[in-house]
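Listed below are the residues making up each chain.
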Amino acid sequence: MKTIDIEERVAKARKLFKEDGYNCCQAVVLAYNDIFGIDDETAASISSGFGGGMGRMREVCGSVSGMIILAGMVSPAADPSDKTGRTRNYALVQDVAAEFTRMNGSIICRELLGLVPMGSRMNGPKESPEPSDRTAEYYRKRPCEELVGMSARIIGERIKGYLAVKKD
């Protein structure tokens, strides 16, 4: 059974985002996909549309979406008739989202980026679907790399627990 170094995975997620150019969701998923036997191309493809708060709509933070994708691997709910499995999965999703919210005040991309006031229900200006150029200014004004690291750490703790239980 595989053991993981969470800090190494956090550093990997941050690198995937900042240096390799993956979006926030992809960076979190690609930091852990190997544990679940998912190849990089599949992991990057599955998570590609969640960057920028779901296709740059600035909804749920992509790094949170990455945690949720991985939560489906940690606590799968593939059988729709398995109410117990679905309950466990939803509890895990709520747990990681709540921890992220405690740390950041929100899971909503537009709030985390300061495009609208924290806790507001209003939408920010509509954005182009074209990804932003990754410039020094981009990284200077956005907390995304830090949020990716936080999400990788939060879900990493749950994955580590999953691996410990699976080992027994």
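For the structure itself, consult the block above.
Residues numbered from 1 in each chain as written. Predicted model: local features only at pLDDT ≥ 70, side-chain atom pairs only at ≥ 80, totals over all residues. Heavy atoms only, no water.

Asks: Go over the overall build of the chain, please, and point to the residues and values.
Replies: Each helix and strand in the chain was counted, giving 9 helices and 0 strands. Order of helices (α) and strands (β) in the chain, N terminus to C terminus: α-α-α-α-α-α-α-α-α. The C-alpha atoms of the chain give 16 Å as radius of gyration, which agrees with the globular expectation for 168 residues (15 Å, within 12%). For the chain, the C-alpha atoms occupy an extent of roughly 50 × 30 × 25 Å along the three principal directions. Across the 168 residues in the chain, those meeting the buried criterion constitute 43%. Excluding contacts between residues fewer than 6 apart, the proportion of contacts in the chain whose partners are at least 24 apart in sequence is 65%. Element-wise, carbon and sulfur atoms account for 54% of the exposed surface of the chain, whose accessible area totals about 9,200 Å². Once the 24 positive and 23 negative side-chain charges of the chain are each reduced to a mean point, those two points are 3 Å apart. (Helix = DSSP H or I, 4+ residues; strand = E, 2+ residues; numbered from the N terminus. Rg over C-alpha atoms; globule rule 2.2 N^0.38 Å. Buried < 20%, exposed > 50% of the residue type's maximum accessible area, 1.4 Å probe, protein only. Contact = heavy atoms within 4.5 Å. Areas by Shrake-Rupley, 256 points an atom, 1.4 Å probe, with all protein chains shown as cover. Lys, Arg positive; Asp, Glu negative; His and termini not counted. Charge placed at Lys NZ, Arg CZ, Asp CG, Glu CD.)

Asks: Break down the state of the cysteines for me, with residues and values.
Replies: Within the structure shown, the criterion is met by 0 disulfides. Of all cysteine sulfurs, the one in Cys61 lies closest to Cys24, which takes part in no disulfide; the gap is 5.3 Å. Judged by relative accessible area, Cys24 falls into the buried class, the value being 11%. With a relative accessible area of 6%, Cys61 lands in the buried category. (Disulfide = S-S within 2.5 Å.)

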